[in-house]
Amino acid sequence: MLSSLRTIVQEVNSARSLPEVLSIIVKEVRSAMSAGVCSVYLFDQSDHHYVLMATEGLRKESIGKVRLSMRQGLVGLVAAKEEPLNLEDADQHPNFSYFEETGEAPFHSFLGVPIIHHRKVVGVLVLQQENRRRFASEEEAFVVTVCAQLSGAIAHAEATGALRQLASAGRGRSKEAVFVGIPSSPGVGIGEAVLVNKKADLSAVPERFTEHPDIEKILFHQAVDAAKRDMHDLGAGLADKLSAEEFALFEVYIRLLDDKVLVDEVIDAIDQGQVASSAWSDVILRHVRTFHKMDDAYLRERAADVRDLGQRVLGYLQAREREQRVLPRRIVLVGEELSATALADIPVNRLVGIISLKGSSNSHMAIVGRALGIPTVMGAVTLPWGELEGQELIVDGSTGDIVSRATRAVRRHYLQRQREEKQFNKDLEKLRDLPCHTADGVRFALWVNTGLRQDTAQSIQSGAEAVGLFRTEIPFLMRSSFPTEDEQVEIYREQLSGFYPRPVTMRSLDIGGDKDLPYFPIEEENPFLGWRGIRISLDHPEIFLVQIRAMLRASAETNNLRIMLPMISNMHELERALELIDRVYLELTVEEEFCIQRPLIGAMIEVPAAVYQVTEIARRVDFLSVGTNDLTQYLLAVDRNNPRVADLYHTLHPSVLRALKQIRDQASGVDCQLSICGEMAGDPLSVVLLLGMGYETFSMSASSLLKVKSMLLNISRKEAQLLARKALKMSSASDIADFLAQSLKQTSVSKLISAVSPQRRQQKNLHLIG
Ligand code: PEP
Ligand code: MG
């Protein structure tokens, strides 16, 4: 059974569509269990029924027709009880329902196992047998394991739209639909969906159809020719380094691409209406599966070669698709796992909404969405994104709702919301030039976080007194190779002179985690606990030294640079980084005679280890800045990028608040500037607590700045201190959030409470997410 399980998992992983996944499952499980019937019923969200989606053993015509309401039949019972049901005499059970179209009369024994994803029953797998017997406990355990594996594939299929396509086959397309994700940047955006595919990933290509098969065939042949040319050039380039046997492999690859059977299969699929990329992915994955199943080990390994070749051709097909795409005037960017890299391919001034199926409200894409002030929804795992290209979508970044095919009334409602938001922001604008003093006259400073070229103008106009965090990795993410020193000087000079005379805090490269450079991929089991931030910079001094040189050179005329080091987790890292910075500074000023002021150097406090060494760190640097995004994820052991645990990620968690208090108290003992630059600083409610703990400098997205200002102008430090004292004694994040909302409702800024703070709404929405 173990080997059957391995085969099933392998095959399911290489399947591209839900029907394929299901047909593999029912076939393989029936054979592994020597059962008469294996069927899968899936939950159709549109009408809350369990629908027969695949079967081996029942009549195929009944697929899509047998539909059971939520508690109907044995299937409904398994789903309702969320546990396996193993019966010898199923036909005697009071819940038994008979469906004539399935032809299931002679079956007596029944094993039903729920398929559960994220605590939600998404379907039921059923085995049936003619003779009267209970399935053995090992058999039951095997099916439970298969179902656990299947649940992920179903969630993925739901996300790519396959489930709805299958469920709605023959029933006409549904009308308005609302999908729920994690609210990540407030506001309403209405525009046309533009899909961003994960590049050259065969399994992630959505199934799409065309009315112009001839054009698709031409594209296909061109892509194959280009891949053949690559193989030929690669082979020729390596000819003197390879053995004759290895060299012959390139010929094999070229022959494979010439293979008539393979080419004909793709042409057939295109003739049946699929676009070239979709047809190619289907065919290649089918061949990959065939190789995987072979008994001969050598042939089995060829599966990887076929997949590699497939990806190469797919790369060309996708590049052509991108070139030919006519972008709409108002773009809603939709992708499975969006990162800032996706912005490189579109005109950002046309962007009105961002939707990512993966990621959470503190993923870097969400931060970029907030920086640009674009309504953003992350973790929209149930969105049928594969079928949305070109459709109008409404993105509500405040609630996490995404509406497709909106009725006129709903559209009108959202347009009204847009008008109200515009007015709200216009009112906030009036605060822009007011001095930053709390109601009792305490001075506070509002700084801005930047990264994208496009958010610079907005940041300059926001009235911020400084840049508290320039994420230098973002310009790196938008390119196809490392920028040269001179190119970096240009990028940094633009920032420094744009904000001059205000100080600009440039953070050294913080890649790793969810910020992977396309040209420097890092594959790790645990990327957030792995090679990240300063660790990479110290392991690659050639990258770090060039970056620091570029920053210093760029600052020669303006002298408003501050350098900040991310992810410091021990004193050795800090000392080594300071040593390298000193070295570059001396080289430039003494050997090369540049006239540059020594910049202030600071460290981020964003790793729990640093919290306990604030005093030592503070003695070695000019300033500290607290990164609450990472500090929260590391303190709570909650991946900031994972929608599954998004409801556990809470910056108001008592442990986070107590750590922040401890940082403030330790820093007060040393003469060291302290600011806070995580997203928490941009949340008008949380910022009250921060003020109450003694923080006075807050760095945030430009789009949050006036909301925070509005809050701080209206509250006195005394009130904030009282709230912080009380909150620090509470024992749960939700109690603290409720207490804050309740207390601040009395102030004149109550409107802000409903207009902001995606995190609090996130909790409300999570039960709706797959
Ligand atoms: C943080 O971790 O809070 C932070 C500001 O840095 P980033 O979000 O870029 O990791
Ligand atoms: Mg960080």
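Residues numbered from 1 in each chain as written. Chains lettered and ligands numbered in written order. Predicted model: local features only at pLDDT ≥ 70, side-chain atom pairs only at ≥ 80, totals over all residues. Heavy atoms only, no water.

A. Main features of the coordination of the magnesium ion (ligand 2). At this site the magnesium ion (ligand 2) is bound by Glu-606 (OE) and Asp-630 (OD), with donor distances of 2.0 to 2.1 Å. Placement of the pair is Glu-606 in the loop between strand S19 (600-605) and helix H19 (608-611) and Asp-630 in helix H21 (residues 628-636), with a sequence separation of 24 residues. Grouping residues by exposure puts Glu-606 and Asp-630 together as buried. (Donors = N, O, S within 2.8 Å, 3.2 Å for Na, K, Ca; no water. Helix = DSSP H or I, 4+ residues; strand = E, 2+ residues; numbered from the N terminus. Buried < 20%, exposed > 50% of the residue type's maximum accessible area, 1.4 Å probe, protein only.)

B. Inspection of the nonpolar core at higher detail. Core analysis: the biggest nonpolar cluster contains 129 residues, and Leu-624, Leu-660 and Phe-698 have the highest contact counts within it. With nine residues, helix H18 (residues 571-591) is the single largest residue contributor to this core. In contact with Phe-698, other than residues within four places in its own chain, are Phe-444, Ala-445, Leu-446, Trp-447, Ile-676, Ala-681, Val-687, Leu-690, Leu-691 and Leu-712. Val-21, Val-51, Ile-115 and Val-143 belong to the second-largest nonpolar core, a separate cluster that totals 33 residues. (Core = buried A, V, L, I, M, F, W, Y, C linked by side-chain atoms within 4.5 Å. Contact = heavy atoms within 4.5 Å.)

C. View of the sheet that holds strand S7 (residues 177-180). Taken together, eight strands build an open sheet; the order of strands is S7-S14-S13-S9-S10-S11-S12-S8 and the sheet is mixed. Bordering the open sheet on either side are S7 and strand S8 (182-185), each of which pairs with just one other strand. Looking at each pair of strands side by side, their axes are set apart by 30° on average, direction ignored. Here five bridges tie strand S10 (residues 331-335) to strand S11 (residues 351-356), and the two strands are oriented parallel to one another. The partner of Val-332 across the bridge, within S11, is Gly-353. Docked against the sheet, helix H12 (residues 408-429) engages strand S9 (188-196), strand S13 (392-396) and strand S14 (401-404), running at close to 110° with respect to S9. (Pairing = 2+ DSSP bridges. Axes fitted to C-alpha atoms, helices over the stretch in contact; angles between N-to-C directions.)

D. Main features of the environment of Ser-151. Here Ser-151 shows up in helix H4 (residues 137-160). Apart from the residues within four sequence positions on either side, Ser-151 is in contact with Ile-115, Ile-116 and His-117. A polar contact is formed between the side chain of Ser-151 and the backbone oxygen of Ile-116, at a distance of 3.4 Å. A distance of 2.9 Å separates a polar atom in the side chain of Ser-151 from the backbone oxygen of Ala-148. (Polar contact = N/O pair within 3.5 Å; in protein donor to acceptor, adjacent residues only side chain to side chain.)

Remember, this is a structural readout, not a statement about activity or role.
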